[in-house]
Amino acid sequence: GVRIASETCEELFTPQSPHIRYSLCDVHLITNGSGSHHTLRKLDRRLELIQGAVSRCGGCYVYANLKGCDGSRVVYDGSPLVAVNNTLVAQGSQFSDLSEVEVVTATVDIDAVTAYRAATQSRSMQADALALS
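These figures come from a predicted structure and were not determined experimentally.

Visitor: Requested: an account of the environment of His37, with residues and values cited.
Guide: Within the fold, His37 resides in the loop between β2 (29–34) and α2 (42–57). Along the backbone, His37 and Cys69 are 32 residues apart, and their C-alpha atoms lie at a distance of 9.2 Å.

Structure representation (structure tokens):
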């Protein structure tokens, strides 16, 4: 079956993000429901971290973020996305559409995730060592 796990918005930015352990435990799909406020170039940083995660660990990363304003000075920029292995496969808008809901979809081949991960022998060795501990 397909294994799914989730990390919080801030965990993506940490040195030992949960997605690393999840991928070594054969989780196929990692979700992140975020409430990350906008700052200059923060979307670029998110994209860099997410693409780095799926490139290094393999798997599918589904990221969703709040969009709009909280009524004071905090603004959320949206831009949901889906990345698989080393590719960004779908991305929503940033700010441009302030409707309440934006849906981004992608088809994910779980066998491709498994093959991508199996292609790196040292990754498989780390996963085996984790399973034995």
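Visitor: Lay out the pairing of β2 in plain terms, naming residues and giving numbers.
Guide: Here is the key point about a regular strand: its side chains alternate between the two faces of the sheet. Across three bridges, the pairing between strand β1 (residues 4–6) and β2 is parallel. Counterpart to Ile4 in the pairing with β2 is Leu29. As judged from the six bridges shared by β2 and strand β3 (residues 60–65), these two strands associate in the parallel manner. Bridged to Ser34 within β3 is Asn65. A crossover connection joins β2 to the parallel β3 through α2; in handedness this β-α-β unit is right-handed.

About the cut-offs
Residues numbered from 1 in each chain as written. Predicted model: local features only at pLDDT ≥ 70, side-chain atom pairs only at ≥ 80, totals over all residues. Heavy atoms only, no water. Helix = DSSP H or I, 4+ residues; strand = E, 2+ residues; numbered from the N terminus. Pairing = 2+ DSSP bridges. Right-handed = clockwise from strand over helix to strand, strands pointing away.

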